[in-house]
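Geometric and topological summary
Residue-level listing of the chains:
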Amino acid sequence: MASTKELLQMDLYALLGVESKATEKQIKKAYRQRALSCHPDKNPDNPKAADLFHQLSQALEVLTDAAARAAYDKVQAAKKQAEERNRKLDDKRKKIKLDLETREKKAEDHKTEEVKVTRTLEEEIARLREEGSRELQEQQRLMREQIQRETKTAGRVNRCDVTPKLKLKWKCKKDDASNAGYSQECLQNLFQKYGDVLNILISSKKAGSAVIEFESVKSADLAFRNESGLTGNPLKITWLEGQPEPASRTNTPADVFCSSQGSLRSERDYESVVLMRLRQAEERKTLIEQMKREEEEEDETA
């Protein structure tokens, strides 16, 4: 015989084969038909038939008693409502899951598209930077050429074809490896703002001494008049070669010669440039040798 808990889990109406709104007469008729087929006397060797017979008997007892049937109907109604809620909840969960999967797919598609767009943008930026860099280099080259032309025109000196040079001195201990901060790069940064610097010669034996060579007298003169060097250890700057004459001085034969030479250079520009570069190289060589001799003499004196 089924327990009360098991009985509540059964669908007694389905067990008897009737509707939930069946009358008591219909329930009794259905019971007789079902119970007769599974009566223990007709099925002595079938234990399942006996179990079914007892379940039918319990169903008859519950459904033919008004109070018991009403209580059973309430339990079944509550059970169906719970099943309906669970079904709706399951449907809602399925819909939420489906919506989530759809959103995730869309998000993944958007992410893929965003990656493509970002990659394309990065490629375009890299291309623009490369092209912009080339364009910037070209524009800077043109500006340098223009400045060189202007400084050559404005910076001609009375001494024809003399490369302007400045001598630099500063306080520095003999064993100071940093040369008191005045490195090749430091001097380059200090003086290149005045114009093109052709060469910087830092004395290897005499601490705190160097010679700087400019492309034009105008650049050298600007550096001579304006540069002071590092704070706390200023530079002492003197002219070594190519110092311009005072503006009030009248033209000398040398000036006239330079003027005529300028005209000649305009006609034979290429040859003049080659000769000037050779002469500048020779001057640098002579200057280096002179500095070495001075340093050796100072070492001997010391």
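Just above, that's the structure.
Residues numbered from 1 in each chain as written. Predicted model: local features only at pLDDT ≥ 70, side-chain atom pairs only at ≥ 80, totals over all residues. Heavy atoms only, no water.

Before going further, it helps to examine the overall build of the chain. Each helix and strand in the chain was counted, giving 9 helices and 6 strands. With 302 residues in all, the chain has 26% of them scored as buried. In the chain, the share of contacts with a sequence separation of at least 24, taken over all contacts with a separation of at least 6, comes to 66%. For the chain, the exposed surface amounts to about 21500 Å²; the carbon and sulfur share of it is 53%. (Helix = DSSP H or I, 4+ residues; strand = E, 2+ residues; numbered from the N terminus. Buried < 20%, exposed > 50% of the residue type's maximum accessible area, 1.4 Å probe, protein only. Contact = heavy atoms within 4.5 Å. Areas by Shrake-Rupley, 256 points an atom, 1.4 Å probe, with all protein chains shown as cover.)

A separate point is helix H4 (residues 47–63). End to end, H4 covers 25 Å across 17 residues, agreeing with the expected 24 Å (1.5 Å per residue, within 8%). Listed in full, the buried residues belonging to H4 are Ala49, Phe53, Leu56, Ser57, Gln58, Ala59, Leu60, Val62 and Leu63. Of the residues flanking the start of H4, the one acting as N-cap is asparagine 46, its side-chain oxygen 3.1 Å from the backbone nitrogen of lysine 48. (Expected span 1.5 Å × (residues − 1). Polar contact = N/O pair within 3.5 Å; in protein donor to acceptor, adjacent residues only side chain to side chain.)

On a regular strand, one side chain projects to one face of the sheet and the next to the other, so that they alternate. Most of strand E3 (residues 209–214) sits inside the fold, with 6 of its 6 residues counted as buried. Burial along E3 is two-sided: the face carrying Ser209, Val211 and Glu213 and the face carrying Ala210, Ile212 and Phe214 are both buried. In terms of strand pairing, strand E1 (residues 165–169) meets E3 through 5 bridges, oriented antiparallel. By the bridge assignment, leucine 168 is partnered in E3 with alanine 210. (Pairing = 2+ DSSP bridges.)

We now examine the sheet that holds E1. With antiparallel pairing, 4 strands are arranged side by side in an open sheet as E2-E3-E1-E6. One side of each edge strand has no neighbouring strand; the edge strands of this open sheet are strand E2 (197–202) and strand E6 (236–241). Along the sheet, successive strands turn relative to each other by an average axial angle of 20°, direction set aside. Bridging between E2 and E3 involves 5 bridges; their strand directions are antiparallel. (Axes fitted to C-alpha atoms, helices over the stretch in contact; angles between N-to-C directions.)

A separate point is the pattern of salt bridges. On inspection of all chains with the given rule, the structure shows 8 salt bridges. The residue arginine 225 makes a salt bridge to aspartate 221 at a minimum N-O spacing of 3.0 Å. Here arginine 225 and its partner aspartate 221 are both found in helix H7 (residues 217–226), 4 residues apart, which amounts to about one turn of the helix. Taking the relative accessible area as the measure of exposure, arginine 225 reaches 52% and is therefore exposed. Members of the salt-bridge network, linked through shared partners, are Glu84, Arg87 and Asp91. (Salt bridge = Lys/Arg side-chain N within 4 Å of Asp/Glu carboxyl O.)

Here lysine 48 shows up in helix H4. You can call lysine 48 exposed: its relative accessible area is 67%. On a C-alpha basis, the gap between lysine 48 and cysteine 38 in space is 8.7 Å, while along the polypeptide they are 10 residues apart.

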